[in-house]
Amino acid sequence: MFAFKNRKETFVSMIGAIEAGGTKMVMATGDETGAIFDRREIPTTDPDQCIPQMISWFKEHHIDALGVAAFGPTGVNPASKRFGQILETPKTAWRYFDFRGALYEGLQVPIGYDTDVNAACLGEVVFGAAKQLDCVVYITVGTGIGAGVMIDGRLLHGMLHAEAGHILVTRAKGDAATSVCPYHQNCLEGVASGPAIEKRWGKTARELAHDDKVWELESSYLAQAISTYVLCYSPQRIILGGGVMHQTQLFPQIREKTLDLLAGYITTSELAAIDSYIVPASCGGDQGILGSIELGRRVL
């Protein structure tokens, strides 16, 4: 859907994008139409190794602005002295590193900055499954679990940003698996992320694709979270992405369990059409990069 294009066809501005993840940094260039011109990935090691490579690559591409989608927690309030810093991450080399500041020092271009999941939510709103909607939740279920939230057309921040992947869920009867979250014993990420699945069952999600009991449990935890997001955020659509959601058999189970948990308390046209309300991510997996491009466009 989002094929690489010749820049001359649609040139307005050259916008750089970074999707900074726990294992890799994805860099790209594109424009406001959703065209992606070039892309490169590097491992997420430490700032001393990553930042010079990023600056060099973007300088070669002569970008006019940059959008950064950072792993969190991270400072997203421009008024805060921590704006643009990575905060209490388990990646100790990045803890309190001024990510945005280092990039600006090296590139001297306007930089839009937000969380990786907020950028993915933005990408889906501008280019993907949530076009023309202004209240959306995007959930990624993979190495971790995070949620990007847009309310009334604005990405949700507040005192920091939503950490909806760490909401507490009720353990299923008989599930005594140790949480993979170092902070919580029964948060969503701790019991339902990719590493949680592997720790509980001894195999990866892909290897467990045909084991019904795995997905019965997984869908029950995700439905608990989604019903909470419905009640708290009242989104017009909920989008599920990330590696675990490649197990598409989860979607009908999650939809059914979410409706069961809501128990008829909320009756809307969206919930009545549940198959088009809780939907898979679109954008060919590029929602984070496309959202980062949009962050860059907005600061121009």
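All values reported here derive from a predicted model rather than from experimental measurement.

**Student:** It is not clear to me how the state of the cysteines should be interpreted in this structure. Could you clarify?
**Tutor:** A covalent bond between the sulfur atoms of two cysteines is referred to as a disulfide. Enumeration according to the criterion identifies zero disulfides in this entry. Cysteine Cys232 is unpaired, with the sulfur of Cys135 as its nearest cysteine sulfur at 12 Å. Judged by relative accessible area, Cys232 falls into the exposed class, the value being 58%.

**Student:** Sorry if this is basic, but what is going on with the sheet that holds strand S10 (residues 278–280) here?
**Tutor:** Adjacent strands of a sheet pair through backbone hydrogen bonds, lying either parallel or antiparallel. The strand order across the open sheet built from five strands is S8-S7-S6-S9-S10, with neighbouring strands paired in mixed fashion. The sheet terminates laterally at strand S8 (154–155) and S10, the two strands that pair on one side only. Examined bridge by bridge, strand S6 (residues 136–141) and strand S7 (residues 145–151) share six bridges and lie antiparallel to one another. Residue Tyr138 lies in a different strand from S7, and its bridge partner there is Gly148. On top of the sheet, helix H7 (residues 212–233) reaches S6, S7, strand S9 (237–241) and S10; it is set at about 155 degrees to S6, its chief contact.

**Student:** Please explain the packing of aromatic side chains as it appears in this structure.
**Tutor:** Where two aromatic rings form a pair, the distance of their centres and the angle of their planes describe that pair. If you walk through the whole model with that rule in mind, you get seven aromatic pairs. Here Trp94 and Phe97 contribute two aromatic rings whose centre-to-centre distance is 5.5 Å and whose plane-to-plane angle is 85 degrees, an arrangement assigned as edge-to-face. Judged by relative accessible area, which is 0%, Trp94 ranks as buried. Overall, Phe97 belongs to the partly exposed group, its relative accessible area being 22%. Where Phe99 meets Tyr113, the ring centres are 6.4 Å apart and the plane angle is 85 degrees; that geometry is what we call edge-to-face. Placement of Phe99 in helix H3 (residues 99–107) and of Tyr113 in strand S5 (residues 111–115) is noted, with a sequence separation of 14 residues between them. Side by side, Phe99 and Tyr113 carry an identical accessibility label, which is buried.

Scoring rules and cut-offs
Residues numbered from 1 in each chain as written. Predicted model: local features only at pLDDT ≥ 70, side-chain atom pairs only at ≥ 80, totals over all residues. Heavy atoms only, no water. Disulfide = S-S within 2.5 Å. Buried < 20%, exposed > 50% of the residue type's maximum accessible area, 1.4 Å probe, protein only. Pairing = 2+ DSSP bridges. Helix = DSSP H or I, 4+ residues; strand = E, 2+ residues; numbered from the N terminus. Contact = heavy atoms within 4.5 Å. Axes fitted to C-alpha atoms, helices over the stretch in contact; angles between N-to-C directions. Phe/Tyr/Trp six-rings, centres within 6.5 Å; stacked < 30°, edge-to-face > 60°.

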